[in-house]
Amino acid sequence: MLSEQTRALVKATVPVLKEHGVTLTSHFYQRMFRHNPELKNVFNQGHQASGQQQQALAGAVLGYAEHIDDPSVLAPVVMRIAHKHASLGIRAEHYPIVGGHLLASIREVLGDAASDELIAAWAEAYGQLADILIAAEADLYKTATLAEGGWSGFRPFRVVERGQEGSEIASFYLVPADGGALPSFQPGQYVTVRVTLPALGLAQPRQYSLSDAPNGRYLRISVKRETGDELRPDGMVSNHLHATVKTGDLVELSAPMGDFVLHQDRDTPVVLISAGVGQTPMMAMLNTLVAQGAKREVVYLTAARNAGALAFADTLSALSADTPTLAYTAFVEEGEVAAGQRAGRIDQAALAELALRDGADYYLCGPLEFMRAQKAALLALGVPADRVHYEVFGSDPLTV
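Scope of this entry: the structure provided in the associated data block. (Residues numbered from 1 in each chain as written. Predicted model: local features only at pLDDT ≥ 70, side-chain atom pairs only at ≥ 80, totals over all residues. Heavy atoms only, no water.)

## Quick notes on the pairing of strand 2 (residues 169-176)
For step 1, the next point in the chain: Counted residue by residue, strand 2 has 8 buried out of 8 residues, so it is predominantly covered.
For step 2, the next point in the chain: Burial along strand 2 is two-sided: Ile 169, Ser 171, Tyr 173 and Val 175 facing one way and Ala 170, Phe 172, Leu 174 and Pro 176 facing the other are all buried.
For step 3, the next point in the chain: Hairpin remark: strand 1 (residues 155-165) followed by strand 2, antiparallel, with 3 residues in the connecting loop; positive phi at Gly 166, about 75 degrees.
For step 4, the next point in the chain: Bridging between strand 2 and strand 5 (residues 219-224) involves 6 bridges; their strand directions are antiparallel. What sits directly across from Leu 174, in strand 5, is Leu 219. (Buried < 20%, exposed > 50% of the residue type's maximum accessible area, 1.4 Å probe, protein only. Helix = DSSP H or I, 4+ residues; strand = E, 2+ residues; numbered from the N terminus. Pairing = 2+ DSSP bridges.)

Put into structure tokens, the structure is as follows:
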């Protein structure tokens, strides 16, 4: 347990973190990569360029400071971070490096306000959080390694097939290059794909949801080609996969991780709500339910910018026709709408009409603002908060 003095000192930094948190975390990352450039191979440089990682870390540090009296409140967030860390291959020996740069950044950014007592307090608080994450990640590594077909670290996989899912998403079917067994996984989980980007001279990891049910034959990821704009760059790894990786090529994969998973211990209805590439974990969940005989009622709602960008449309239409327990509706925001599709967005009225089921679990995946809107609408319609589950792609904010 942290001392009362330590907790008081950490809580006293909350106003500063609210105002200058991103400045602090930006300085931290610059400092760390300057002194430990090898960590550029671990951290997503695309999210560095867009500022996502800096903002996410600032939110996490602030949340920890605000809840320093009872960190157990953050347990779900801590587990989500632990899964992401284990997927990226972050190990116990990385924590002293990160902690050293974080404490140095606090001193350098705050200047005279960073007293020796404050630095000591944050060192103790960081040590407590590091111990919690290290223990959680050790359990995840052990479970992944001891599972049938499991492994630790990165394992080479061969692309045995590619497929196109709409205009923006490509599917890659992957098998172990070593000829060994595939692991099972929970529908909704993801893997980290690691590729070398010649333009950067770095290995870069990206996490992609597994987009098909566990089947013992292949793992499938479905990747959107991310096109940037004036505020964010093109997706480096997604564009590399789309343009360069072909059938027969090798990529490196981590073992499946993630705590956004289908509750398979229930017989209540399942409502899957997605937008864009957020369909990928939903496809794994849906295909698992169908493979199990789809005794549970399933509502599948998805939205896309236009009909061309709507992924898995033919597959979903066929499943809907063949599965009496599945109700599938696609929303198209712009342009022509094909038969069976709806114009516009998934809003509260649409949820009230199509999605409400007694005792259902609601799974959300898509852009952050989309999920915030869906969650708010569901809560306004009386859905219990503990029945709303979500997955955030990229650097995870503290809450949705």
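## Here's the deal with the sheet that holds strand 7 (residues 270-275)
For step 1, the next point in the chain: Within the open sheet, the 6 strands sit side by side as 10-9-8-7-11-12. Their pairing is parallel. Strand pairing shows two members of the sheet lacking a second neighbour, strand 10 (341-343) and strand 12 (388-391), which therefore form its edges. Strand-to-strand twist across the sheet, computed as the mean angle between neighbouring axes with direction ignored, equals 20 degrees.
For step 2, the next point in the chain: Note: strand 9 (residues 326-332) against strand 10, 3 bridges, orientation parallel. Each bridged residue has a counterpart across the sheet, and for Phe 331 the counterpart in strand 10 is Arg 342.
For step 3, the next point in the chain: Against the sheet, helix 9 (residues 279-291) engages strand 7, strand 8 (298-304), strand 9 and strand 11 (361-365), with an angle of about 150 degrees to strand 7. (Axes fitted to C-alpha atoms, helices over the stretch in contact; angles between N-to-C directions. Contact = heavy atoms within 4.5 Å.)

## What about the packing of helix 2 (residues 14-35) against helix 6 (residues 94-110)?
For step 1, the next point in the chain: Orientation of helix 2 relative to helix 6, taken along the N-to-C sense of each, is 125 degrees, at an axis distance of 8 Å. By the angle between their axes, helix 2 is oblique relative to helix 6. Crossing handedness for the pair helix 2 and helix 6: right-handed. Seen from helix 2, the contacting residues are Val 16, Thr 23, Leu 24, His 27, Phe 28, Arg 31, Met 32 and His 35; seen from helix 6, they are Val 98, His 101, Leu 102, Ala 104, Ser 105, Ile 106, Glu 108, Val 109 and Leu 110.
For step 2, the next point in the chain: Counted by class, the contact of helix 2 with helix 6 contains 10 nonpolar, 5 polar and 2 charged residues. (Parallel < 35°, antiparallel > 145°, perpendicular 65-115°, else oblique. Left-handed = near helix turned anticlockwise from the far one by under 90°. Nonpolar A, V, L, I, M, F, W, Y, C, P; charged D, E, K, R; others polar.)

## Considering the packing of aromatic side chains
For step 1, the next point in the chain: The full count for this structure, using the stated rule, is 8 aromatic pairs.
For step 2, the next point in the chain: Between the aromatic rings of Tyr 29 and Phe 43, the centroid separation amounts to 5.9 Å while the plane-to-plane angle is 70 degrees, which identifies the pairing as edge-to-face. Taken together, the positions of Tyr 29 in helix 2 and Phe 43 in the loop between helix 2 and helix 3 (45-50) put the pair 14 residues apart, joining distant regions of the chain. Residue Tyr 29 shares its accessibility class with Phe 43, and that shared class is buried.
For step 3, the next point in the chain: Taken together, the ring pairs in this structure connect Phe 28, Tyr 29, Phe 33 and Phe 43 into an aromatic cluster.
For step 4, the next point in the chain: One Lys or Arg, Lys 84, reaches over the ring of Tyr 190 and ends 5.2 Å from the middle of that ring.
For step 5, the next point in the chain: Here the basic side chain of Arg 194 rests over the ring of Phe 154, its NZ or CZ set 4.0 Å away from the ring centre. (Phe/Tyr/Trp six-rings, centres within 6.5 Å; stacked < 30°, edge-to-face > 60°. Lys NZ or Arg CZ within 6 Å of the ring centre and 35° of its normal.)

## Details of the side chain of Gln 374
For step 1, the next point in the chain: Structurally, Gln 374 can be placed in helix 12 (residues 368-380).
For step 2, the next point in the chain: Every residue in contact with Gln 374, bar those within four places of it in the chain, is listed here: Ile 273, Ile 346, Leu 351 and Leu 364.

## Looking at helix 8 (residues 236-244)
For step 1, the next point in the chain: Restricting attention to buried positions, one finds in helix 8 the residues Val 237, Ser 238, Asn 239, His 240, Leu 241 and His 242.
For step 2, the next point in the chain: For helix 8, the elements touching its buried residues are strand 1, strand 2, strand 3 (190-197), strand 4 (202-209), strand 5 and strand 6 (250-253).

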